[in-house]
Amino acid sequence: MAPPPHLPVQCSKTKTLQGFGSLLGYLPFLLTLLIGGGIVICYCMAVAYGHVEAAFPYISDTGTFPPESCVFTLFLNCAAVVALAIFTLKYLHVVQYNRQCSPAVTRINTAALITGYIAAFGIMVVGAFQETNVLAVHVAGAMMAFIGGTVYMFLIASLGFRQDVNFGVDERQYAKARLAMAILSAISFIISMTTSCVAWYQWVPHDPESRSLLWNKRDKVPWKRSLNLYGYNVHLVATAFEWVMALDLLAFLMTFSQELHIIQLQVVLSRISVISGDESYKRSLLRQMIL
């Protein structure tokens, strides 16, 4: 849009800053390092302090009591920020290559971004609210993380089967693997939730003083064999499949590495000032710069 004759415009020299480049492809590895490394550190600390049993505790149990709870919160918050970046970049990647403006792809991509953000927020909630302090909020955060993550996996996997969009890389080579991982996550979630409820109903009648789900208040160690065997074996099935869900989601995000490697971020710095006059023209000029 050309400015009206009576509106002089001053334009400064435009600078383009290029950075990051293929380094974005390492974000999934960073996320895996933060979550995997953080959980391993917290697990070792929790076992050393006697806060959990060594055999398959819930992931949250490894970060319930201090000092490991502090480390747990720190790593999960950092991981949630990295996850937000990955979800956003994947969304922008699909937008960039959806040149046919397929309405279906746009809807799926937007839904995936929303569910990804929900999952990332759930990770923050899990780290911030320990189960022994605010159980309901902690469980809600875990549901957001696992359900949101699973739905996100199905949505992204579905994009790989579309024939009307070229995403810059051959996503179809990942489509079947991503769909298989999404199905594994859904099955693991169902098994984990079902067996967790079964274990709880087997155990609670024998420990009526407990006010917390699957938590032994007598010595602060969940499911300690020497004190309570009721439901323990079913409990191990639940915790094992929770670990499977977490590892499956990390493996899924690792498949984004190739797509993120081809993304180039550019920051354009420009200064344009309209010396006087029409405010509507200034607003339209600003919208053009943004777009």
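Residues numbered from 1 in each chain as written. Predicted model: local features only at pLDDT ≥ 70, side-chain atom pairs only at ≥ 80, totals over all residues. Heavy atoms only, no water.

J.: How do you make sense of the overall build of the protein when you look at a structure like this?
T.: For the protein, the helix and strand inventory stands at eight helices and four strands. Mapped in sequence order, the helices and strands of the protein form the string β-β-α-α-α-α-α-α-α-β-β-α. Burial statistics for the protein: of 291 residues in total, 43% are counted as buried. The contacts of the protein with a sequence gap of at least 6 include a subset with a gap of at least 24, amounting to 74%. (Helix = DSSP H or I, 4+ residues; strand = E, 2+ residues; numbered from the N terminus. Buried < 20%, exposed > 50% of the residue type's maximum accessible area, 1.4 Å probe, protein only. Contact = heavy atoms within 4.5 Å.)

J.: How should the side chain of Ser 192 be read in this particular structure?
T.: Counting through the fold element by element, Ser 192 comes out in helix α5 (residues 172–203). Polar contacts involving the side chain of Ser 192 include one to the main-chain carbonyl oxygen of Ala 238, which spans 2.9 Å. If near-sequence neighbours (up to four positions away) are discounted, Ser 192 is found in contact with Ala 238, Phe 241, Glu 242 and Met 245. (Polar contact = N/O pair within 3.5 Å; in protein donor to acceptor, adjacent residues only side chain to side chain.)

J.: I keep staring at unusual backbone geometry and nothing clicks. Help me out?
T.: Comment: phi is negative for the bulk of residues other than glycine, and the bulk of peptide bonds are trans. The omega torsion across Pro 66 and Pro 67 is 5°, close enough to zero to call that bond cis. Looking at the element boundaries, Pro 67 is found in the loop between α1 (27–49) and α2 (68–97).

By themselves, these observations are geometric and do not establish any function.
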